[in-house]
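Examining the three-dimensional arrangement
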Amino acid sequence: MMTDIDPTALAVFIFFLALVTIMGFVAARWRRPKTLAHIDEWGLGGRTFGTWITWFLVGGDFYTAYTVIAVPALVYTVGAYGFFALPYTIVVYPFVFMVMPLLWRRAKDYGYVTAGDVVHGQYGSRALELAVALTGVIATMPYIALQLVGMTAVFKALGLHGELPLAVAFIILALYTYSAGLRAPALIAFVKDIMIYIVVIAAIALIPAKLGGYANVFAAADADFKAKGAGSLLLGGNQYVAYATLALGSALAAFMYPHTLTGIFASNSGNTIRKNAVLLPAYTLLLGLLALLGYMGHAANLKLDSANDVVPALFQNLFSSWFAGFAFAAIAIGALVPAAVMSIGAANLFTRNFWKAYVDPQVSDAGEAKVAKMTSLVVKVGALLVIIFLPTQFALDLQLLGGIWILQTLPALVFGLYTRWFRAPALLAGWFVGFFGGTYLVGDAGWKPLHMVPLGEAGFTVYTGLLALLANIVVAVIVNAVMPARAEARA
């Protein structure tokens, strides 16, 4: 079905996609090292990224195309509850400021590339290292797949149907990531973020004016929520605890993901990370403005097949074709940048914590880089197959689980920066309980990431990830406390 294609929008879209594709291949020569046949150079950009490159890179892989699509879609559907992403992206930066420079120093001093490397270096346990590495890869796969969900919404708005456009975009992504490594998304992130800022500023300035002002936008959203009996402009009932714990749990999980850690490890100093913790909240302002697009969808009286279509539909209906094409390109590029970093992060984990640990311990630097490159291709293909052959809801459910899973790596990764009290078997036991217990609770709740905790006659709803993390820590503490006593009894 090609009759609904807008030639002007499509032409602008293709132009900007071609531009970033060229930049992706040029990136192999940008800040060119002596060789890219080293995982430090291919997978971490030589650990040389300064404040501005890190700012764009971390912002680029933290605020993704799915964020641009999903946050407004959630606000469109449920109202105020969808704004949990704002406090989450505020709480996370003090955590980054305090913890990540210490983690960067540990990785820099010992040549660690992944979270698994850090854990193995701290505890000397291959089992704990493997648990952390597998969790990172498993949690990343659906995250990459959801970038494709964002691109699918854009292609649909452009009138491009079927899987072919998506496959072509990711084949191109795979090729320039293979050749340039982390330098490609780092360079493209400059263009992506500038485009997103232009799109959002234009949207929040012009769309309300076309819809009768912000007062009318909020009134229309409020009327729609009341009419359908779901959603609200204000939090209510037992949403307060759910909102707060979801924000806190998401913040703690955010920089446990391989792609965000890759941006941290690629920085050139701990001070660069601290500066970014100060500067990155500018993206939170951007996110808040993006979220308001969900309310604007009500005022625009959009007819949508899915809430994920709200942002593309707003630009398609309220802007000229050329600017709609520009906006769609910004969203699509916003998928390519994080997807590239995610695939690199997952590839680094596989290479260092599986291939080198179990298959070829004597692998050379060049061999290590080659394995990482090939793995990054496999990861992208796997994510593409998830979208093509499995329902989108399956990817969404897995991503909700991904946040809960990756949160369970926090004790093993972070506690060792401050204390040597914990032992590997205790942390592994805690991880096991948190990982599988959290999975069970989510499945039992119909794949919703919230769990009702009974208290008196009512109770309250809590983010399942925090419950699983609490169980994780309690088990680790108990097992760790018991172990020395047993060791003394044997002695």
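Everything numeric in this text was worked out from a predicted model, so none of it was measured.

1. Side note on the overall build of the protein
A tally of helices and strands in the protein yields 21 helices and 2 strands. In terms of overall dimensions, the protein is globule-like: its C-alpha atoms have a radius of gyration of 23 Å, near the 23 Å expected for 491 residues. Taken over the C-alpha atoms alone, the protein extends approximately 80 × 65 × 40 Å along its principal axes. Within the span of the protein, comprising 491 residues, buried residues form 58% of the whole. Residue pairs in contact within the protein that sit at least 24 positions apart in sequence constitute 84% of those at least 6 positions apart. For the protein, the computed accessible surface area is about 19,200 Å², with 68% contributed by carbon and sulfur atoms. The averaged location of the 21 negative side-chain charges in the protein is 10 Å from the averaged location of its 28 positive side-chain charges.

2. Considerations on the packing of aromatic side chains
Summed over all chains, the structure comprises 30 aromatic pairs. Judged by centre distance (6.1 Å) and plane angle (50°), the ring pair of Y197 and Y283 falls under tilted. On the criterion of sequence distance, the pair formed by Y197 in helix 9 (residues 183-210) and Y283 in helix 14 (residues 282-299) is long-range, its members being 86 residues apart. Under the relative-accessibility criterion, Y283 is labelled buried at 1%. Here F350 and W355 contribute two aromatic rings whose centre-to-centre distance is 6.4 Å and whose plane-to-plane angle is 40°, an arrangement assigned as tilted. Judged by its relative accessible area of 29%, F350 falls in the partly exposed class. Grouped by ring-pair contacts, the aromatic residues F15, F16, F315, F319, W322, F323 and F326 constitute a single cluster.

3. Some details on the pattern of salt bridges
Any two side chains of opposite charge can pair if their charged atoms end up close together. Summed over the entire model, instances satisfying the criterion amount to 10 salt bridges. In this structure, the salt-bridge partner of K156 is D309, at a minimum N-O distance of 2.9 Å. You can see K156 sitting in helix 7 (residues 126-158) and its partner D309 sitting in the loop between helix 14 and helix 15 (310-318), a full 153 residues away along the chain. When its relative accessible area of 33% is taken as the criterion, K156 is described as partly exposed. Linking K226 and D222 is a salt bridge whose minimum nitrogen-to-oxygen distance equals 3.1 Å. Taken as a pair, K226 and D222 lie in helix 10 (residues 214-228) at a separation of 4 residues, close to a single helical turn. With relative accessibility at 22%, the residue D222 sits in the partly exposed group. Salt bridges sharing common partners tie together D117, R352, K356 and E368.

4. Considering the environment of Y358
Looking at the secondary structure, you find Y358 in helix 16 (residues 321-359). Judged by its relative accessible area of 40%, Y358 falls in the partly exposed class. Residues Y358 and M195, 163 residues apart in the sequence, show an inter-C-alpha distance of 44 Å. Once you skip the residues sitting within four places of it in the chain, Y358 turns out to touch R126, L130 and N353. Among the polar contacts made by the side chain of Y358, one reaches the main-chain carbonyl oxygen of R126 at a distance of 3.4 Å.

5. Notes on helix 1 (residues 7-26)
In an α-helix, one turn spans 3.6 residues; hence positions three or four apart end up facing the same way. The terminal C-alpha atoms of helix 1, which comprises 20 residues, lie 28 Å apart, in line with the 28 Å expected from a rise of 1.5 Å per residue. All of the buried residues along helix 1 are A9, L10, V12, F13, F16, L17, V20, T21, M23 and G24.

6. As for the packing of helix 5 (residues 85-110) against helix 11 (residues 239-254)
Two elements in contact, helix 5 and helix 11, have axes whose closest approach is 8 Å; the angle formed by their N-to-C orientations is 45°. Put simply, helix 5 runs oblique to helix 11. Helix 11 is crossed by helix 5, and the crossing has right-handed handedness. Packed against helix 5, whose contacting residues are P87, Y88, V91, V92 and F95, the element helix 11 presents Y243, A247, L248, S250, A251, L252 and A254 at the interface.

Conventions adopted
Residues numbered from 1 in each chain as written. Predicted model: local features only at pLDDT ≥ 70, side-chain atom pairs only at ≥ 80, totals over all residues. Heavy atoms only, no water. Helix = DSSP H or I, 4+ residues; strand = E, 2+ residues; numbered from the N terminus. Rg over C-alpha atoms; globule rule 2.2 N^0.38 Å. Buried < 20%, exposed > 50% of the residue type's maximum accessible area, 1.4 Å probe, protein only. Contact = heavy atoms within 4.5 Å. Areas by Shrake-Rupley, 256 points an atom, 1.4 Å probe, with all protein chains shown as cover. Lys, Arg positive; Asp, Glu negative; His and termini not counted. Charge placed at Lys NZ, Arg CZ, Asp CG, Glu CD. Phe/Tyr/Trp six-rings, centres within 6.5 Å; stacked < 30°, edge-to-face > 60°. Salt bridge = Lys/Arg side-chain N within 4 Å of Asp/Glu carboxyl O. Polar contact = N/O pair within 3.5 Å; in protein donor to acceptor, adjacent residues only side chain to side chain. Expected span 1.5 Å × (residues − 1). Axes fitted to C-alpha atoms, helices over the stretch in contact; angles between N-to-C directions. Parallel < 35°, antiparallel > 145°, perpendicular 65-115°, else oblique. Left-handed = near helix turned anticlockwise from the far one by under 90°.

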